[in-house]
Amino acid sequence: RSSDLFLKISPNNKMPAMVDQDGPDGAPIAVFESGAILMYLAEKTGKLVPADVRGRYEVIQWLMFQMASVGPFLGQIHHFANYAPEKIPYAIDRYMNEGKRIYGVVDRRLADRDYVAGAYSIADIAIFPWFRNHERHGVELATFPNVERWYRAIEARPAVQRGVAVLADRQRKGP
């Protein structure tokens, strides 16, 4: 069954997941979870993560920040403020407040740098998509000027524009 095959790739039964047919030693490798996929691809290509230990862990810790804080808390805002069948003010307020705190963390980080962790990296790639829905988080980007500057710079990148276009095409075709 196709579901059994997918579970071999993604034991959590969720996207994203991938199989690199040209994995280590030429053998296929399955990788699931966005952070792990980003790390794998960065290591495989030698791009988007520094080779030096300090730079590498600067990127990794901000990638972990996305996975532990940005995604989970902003995801809860999406659910409780936009999709939950019952509006629960406590939940909406809690996650909106934490979301704004997270934007503040990133804004302070970007006060003296162009990107979250040195040069443009997998940390920026992981955080940016969550901030695309800033209106749903109750956030005006102008409130966080360093985030807004960073956001606009990443949004202008040709590869990001191509990715956003693919997403837009898929959303229009979906149910």
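Read on for an overview of the structure. Quick caveat: nothing in here was measured; it's all calculated off a predicted structure. (Residues numbered from 1 in each chain as written. Predicted model: local features only at pLDDT ≥ 70, side-chain atom pairs only at ≥ 80, totals over all residues. Heavy atoms only, no water.)

1. Considerations on the overall build of the protein chain
Move 1: Counting its regular elements, the protein chain contains seven helices and two strands.
Move 2: Tracing the protein chain from N to C terminus, the helices and strands come up as α-β-β-α-α-α-α-α-α.
Move 3: Principal axes of the C-alpha set define a box for the protein chain whose edges measure 50 × 45 × 30 Å.
Move 4: Counting only residues that meet the buried cut, the protein chain has 37% of its 175 residues in that class.
Move 5: Counting only contacts in the protein chain whose residues sit at least 6 apart along the sequence, the fraction spanning at least 24 positions is 53%. (Helix = DSSP H or I, 4+ residues; strand = E, 2+ residues; numbered from the N terminus. Buried < 20%, exposed > 50% of the residue type's maximum accessible area, 1.4 Å probe, protein only. Contact = heavy atoms within 4.5 Å.)

2. Some points on helix α3 (residues 53-83)
Residues spaced three or four apart along an α-helix point in a common direction, a consequence of the helix completing one turn every 3.6 residues.
Move 1: Under the 1.5 Å per step criterion, the end-to-end length of α3 is 42 Å for 31 residues, consistent within 8% with the ideal 45 Å.
Move 2: Residue Q66 marks the point of greatest curvature in α3, where the axis turns by about 35°. (Expected span 1.5 Å × (residues − 1). Bend = angle between axes of the 7 residues up to and from the residue.)

3. Let's talk about the packing of helix α5 (residues 122-131) against helix α6 (residues 145-155)
Move 1: Where α5 contacts α6, the two axes come as close as 11 Å, and the packing angle between them is 105°. If you check the angle between α5 and α6, you find them roughly perpendicular. In this structure, α5 uses D124, I127, F128 and F131 to contact α6, whose residues at the interface are V147, W150, Y151, I154 and E155.
Move 2: Grouping the constituent residues of the contact of α5 with α6 by class yields seven nonpolar, no polar and two charged. (Axes fitted to C-alpha atoms, helices over the stretch in contact; angles between N-to-C directions. Parallel < 35°, antiparallel > 145°, perpendicular 65-115°, else oblique. Nonpolar A, V, L, I, M, F, W, Y, C, P; charged D, E, K, R; others polar.)

4. Quick word on the packing of α3 against helix α4 (residues 89-109)
Helices that pack against each other are described as a pair by the angle of their axes relative to one another and the distance between those axes.
Move 1: Relative to each other, α3 and α4 sit at 150°, their axes nearing to 9 Å. Considering their axes alone, α3 and α4 lie roughly antiparallel with respect to each other. Note on packing geometry: the crossing formed by α3 with α4 is left-handed. Between α3 and α4, the residues in contact are E58, W62, F65, S69, V70, F73, L74, Q76, I77, F80 and A81 and A91, I92, R94, Y95, M96, E98, G99, I102, Y103, V105, V106 and R109, respectively. (Left-handed = near helix turned anticlockwise from the far one by under 90°.)

5. Considering the nonpolar core
Move 1: With 39 residues, the main nonpolar core has W62, F65, Y103, F131, V147, W150 and I154 as its most contacted residues.
Move 2: Leave out the neighbours within four places in its chain, and W62 touches V105, R109, V116, A117, A123 and I127. (Core = buried A, V, L, I, M, F, W, Y, C linked by side-chain atoms within 4.5 Å.)

6. Some remarks on the side chain of H134
Move 1: Looking at the element boundaries, H134 is found in the loop between α5 and α6.
Move 2: A residue is classified by how much of its surface remains accessible, and H134, at 9% relative accessible area, is buried.
Move 3: A polar contact of 3.5 Å, which involves the side chain of H134, links it to the side chain of E135.
Move 4: Excluding residues that lie within four positions of it along the chain, H134 makes contacts with Y103, V139, L141 and Y151. (Polar contact = N/O pair within 3.5 Å; in protein donor to acceptor, adjacent residues only side chain to side chain.)

7. So, the packing of aromatic side chains
Move 1: Following the criterion strictly, the structure yields nine aromatic pairs and no others.
Move 2: For the ring pair F80 and Y95, a centre distance of 5.7 Å and an interplane angle of 5° mean the geometry is stacked. Taken together, the positions of F80 in helix α3 and Y95 in helix α4 put the pair 15 residues apart, joining distant regions of the chain.
Move 3: Classification of Y95 by relative accessible area gives buried; the value is 16%.
Move 4: Ring centres of Y115 and Y120 lie 5.6 Å apart, and the angle between their planes is 65°; this geometry places the pair in the edge-to-face category. Judged on exposure class, the residue Y115 and its partner Y120 are both buried.
Move 5: The aromatic ring of Y120 is capped on one face by R157, whose charged end is 3.5 Å from the ring centroid. (Phe/Tyr/Trp six-rings, centres within 6.5 Å; stacked < 30°, edge-to-face > 60°. Lys NZ or Arg CZ within 6 Å of the ring centre and 35° of its normal.)

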